[in-house]
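Observations on chain architecture
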Number of protein chains: 2
Amino acid sequence: MKIAVMGYGTIGSGVVEVLEVNKDLIAERAGEPVEVKYILDLRDFPGDPYEKCIVHDYQTIVNDPEIGIVVEAMGGVEPAYTFVKAMLLAGKQVTTSNKNLVAEKGAELIAIARERNLNFMFGASVGGGIPIIRPLNTCLTADEIEEITGILNGTTNYMLTRMANEGVSFEDVLKDAQAKGYAEADPTADVEGIDPCRKIAILTSLVCGKQVNYEDIYTEGITKITSEDFAYANKMKRSIKLLASSKQAGDKYACMVAPFMLAKSHPLCNVNDVFNSVFVRGNMLGDAMFYGSGAGKLPTASAVVADIVDMVKHNNINVFIDWSPEKMELVDYKENVNSFFVRTTSEKAEVEAAFGAVEYVEGVVEGEIGFVTNAMTEADFAEKVEKVQCISRIRLA
Amino acid sequence: MKIAVMGYGTIGSGVVEVLEVNKDLIAERAGEPVEVKYILDLRDFPGDPYEKCIVHDYQTIVNDPEIGIVVEAMGGVEPAYTFVKAMLLAGKQVTTSNKNLVAEKGAELIAIARERNLNFMFGASVGGGIPIIRPLNTCLTADEIEEITGILNGTTNYMLTRMANEGVSFEDVLKDAQAKGYAEADPTADVEGIDPCRKIAILTSLVCGKQVNYEDIYTEGITKITSEDFAYANKMKRSIKLLASSKQAGDKYACMVAPFMLAKSHPLCNVNDVFNSVFVRGNMLGDAMFYGSGAGKLPTASAVVADIVDMVKHNNINVFIDWSPEKMELVDYKENVNSFFVRTTSEKAEVEAAFGAVEYVEGVVEGEIGFVTNAMTEADFAEKVEKVQCISRIRLA
């Protein structure tokens, strides 16, 4: 099997490395050797062992009938979408690690592949190396999935872990994450929750079999979390994590990306540093969890290569993925139900006038108190919190 | 697709229940409805909604060309082996939840299925509902698996969790586990580690692609663990878990089933009650973990039904499972390397004369001391421990 890799950055070069290091066992498991014939990139790579494979025009790949599988590791929706579509239309199977492309164009590309008895796979687009996409497709097929909740962004989980353990401020830990290469120069996609929002949209689409538009998902990042919030969390024996969550609610799903305070008993409470984890509740299976390196060159590349092996084994056989272009309607965010932790400078009487009975957390920061509300809708909370002086609030899980 | 279920006990009736409750979504995912035509059991079930499906002779199923898939949920090697082999030879696909059958006859039944373009699947034989067998086959295919270690027995994990939290004795917690239905009247297979031994043999066979004989795996149960051991574990901030472990060692694997004292940072340290978990380390993927209900009617049945869905989708297509009958040689148990925690009535001078520098744990039980050795081979340890008065010893992980 001859393949092409589009994009010779971190993931693309990782794919080439995994194929090289584990060449023999991959050939055995795939049933035939897998050879990189082209690498598409704008740059040249003089001196690179794969220098001769570099091409600059994607049509070279489209027009070569020897190429059976194409890896897309460029990132972004365009030109990735144009290139991937052209590859599928030319009869080539495609695997991608690109969450933006999958969240936006997944249903369409899956349909194109199916019509042609090809495969469009995206095992590395969520959770890096954690096997979650294929298990959802092939292992949890006997279950109605009632909930899928994940820590899906390694950068913010690293930042929150350091803030929790060392009391570092958001600004300082962001600088450190950038210095370590975990966060981009422009960290918006991570710290504002845009990245996990795309990922939970993909997971929810797979769970419900319909198109979940990421624009419909209420998304809140971690930029407002302070070391005082962590002081409260410690006192409450909770951790603060950025969760991306989908819960079945009748015919709809209630989806949300936001920081949550997790009880010690929550299965995701101890997922620290750059690790990711996905919690799934099935109506028959009960609770299950998948855990691993959510990002990083080789773990992500390992998931891409697992797709390659699967596609070699399913040459000319479409592996059914239940994700139609029909739109899945989400529960209006204002109807989502949560408990809230609130920090306030108001008196207890004012708090209780607004919220009724609450649970107080005192003696953490001078001049303020914290309290935990009962479960209520977002709309209800928004109305009630207007009646007190609110310093900050975090949902509970 | 018409199917037969052999054995109408806990798992078999669970399979029928899952197929009933999730009928519509299973039909959608499988691509066609799945209908139970026969249930093989020695008993009759008057009044049961499936009463008319009950048959007593497996030849009825063998000889019915309408039956495409057979579920084996009888347990034990015989007559399950005879029945399953007859089904495969008659052109029917088979899924089983029976770890004894798979550990003993897996390689042969996989080969028979492959020759006939059928499938023999066993997703529920290890880890109950946790998706681990199929991910090993289809998701971790880009990796050399360097380690696979699991908490694979829910009964003993429940018992150890209660002993840790409540200081209950082994005898009392065993009685409680039997009263709750977690442990059998004869608890030998669980408490002596026989059950997790079969399971790690299966997982290791899948990881190395060869036959691992469970008789070759050194196996130690939890019957000697006392509340004093837990007192030491608490002081050392460790938990005691029954681990089934395989580590790559050159061309061989070092396998062992035994209680271990786990550091808080160990990914399996917080797996409590009847939950199971499997930790995997790949040479590219790094660390990953799978967690869920390791036993129970519906979680196990969910995994069986996921196999059924996969087999409907792969009718007449063999899904390759890399497990040949060729024997995999294991590292001689005496060469396995571990650190040990030892309780002794000997003086420190004697301890140090035998082991050199050690780390002491004192003040837990009067009249004795505990110490932790450096890493050494089992043979080396066995020789050295002869030189001190040893009350008990547990390996560290």
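Predicted, not measured: the structure shown is a model, and the values here were computed from it.

Thoughts on the interface of chain A and chain B
Between chain A and chain B, the contact holds 42 residues from the first and 42 residues from the second. Of all elements in the fold, only α2 (23–30), α6 (133–138), β12 (286–293) and α12 (297–313) of chain A reach the threshold of two or more residues within the side of chain A that touches chain B. Counting residues per element, the side of chain A that touches chain B draws most heavily on α12(A), at nine residues. Looking at the side of chain A that touches chain B residue by residue, the class counts come to 23 nonpolar, 11 polar and eight charged. One ladder, built from five bridges, connects β12(A) with strand β12 (residues 286–293) of chain B; its direction is antiparallel. Bridged to Ala288(A) within β12(B) is Gly292(B).

Observations concerning the environment of Gly296(B)
All names here are of chain B. By the element assignment, Gly-296 lies in the loop between β12 and α12 (297–313). Given 21 C-beta atoms within 10 Å, Gly-296 falls into the buried group. Here the alpha-carbon distance between Gly-296 and Leu-40, two residues 256 residues apart in the chain, equals 21 Å.

Examining unusual backbone geometry
All names here are of chain A. Each neighbour pair has its own omega, and for Glu-78 with Pro-79 the value is 5 degrees, a cis peptide bond. Structurally, Pro-79 can be placed in the loop between β4 (67–72) and α4 (80–89). With a phi close to 55 degrees, Lys-237 is a non-glycine residue in the positive phi region. Locating Lys-237 in the fold gives a position in the loop between α11 (227–235) and β9 (238–249).

Considerations on the relation of the copies chain A and chain B
Between chain A and chain B, the superposition needs a rotation of 180 degrees and an axial shift of 0.0 Å, giving an RMSD of 0.0 Å. The transformation relating the two chain copies, once decomposed into turn and shift, fits a two-fold axis. When each C-alpha of chain A is compared by its distance to the rotation axis, Phe290(A) comes out closest, at 2.4 Å. Of the interface residues in chain A, 100% have counterparts in chain B that sit at the interface too, so the contact is made through matching surfaces.

Describing the sheet that holds β4(A)
All names here are of chain A. On the basis of which strands lie adjacent, the open sheet formed by six strands has the order β3-β2-β1-β4-β5-β6 and parallel pairing. The two strands at the open ends of the sheet, each matched to only one other strand, are β3 (54–55) and β6 (120–121). Taken together, the two bridges between strand β5 (residues 93–96) and β6 define a ladder with parallel strand orientation. The residue bridging Thr-95 from the neighbouring strand is Met-121, located in β6.

Describing α12(A)
Spanning 17 residues, α12(A) covers 25 Å between terminal C-alpha atoms, matching the ideal 24 Å at 1.5 Å per step. Among the 17 residues in α12(A), 15 count as buried, and that is most of the element.

What counts and what doesn't
- Residues numbered from 1 in each chain as written.
- Chains lettered and ligands numbered in written order.
- Predicted model: local features only at pLDDT ≥ 70, side-chain atom pairs only at ≥ 80, totals over all residues.
- Contact = placed C-beta atoms within 7 Å.
- Helix = DSSP H or I, 4+ residues; strand = E, 2+ residues; numbered from the N terminus.
- Nonpolar A, V, L, I, M, F, W, Y, C, P; charged D, E, K, R; others polar.
- Pairing = 2+ DSSP bridges.
- Buried ≥ 20, exposed ≤ 12 C-beta atoms within 10 Å, placed from the backbone.
- Least-squares fit on C-alpha atoms with pLDDT ≥ 70 in both.
- Expected span 1.5 Å × (residues − 1).

Interpretation in functional terms is not warranted from these geometric data alone.
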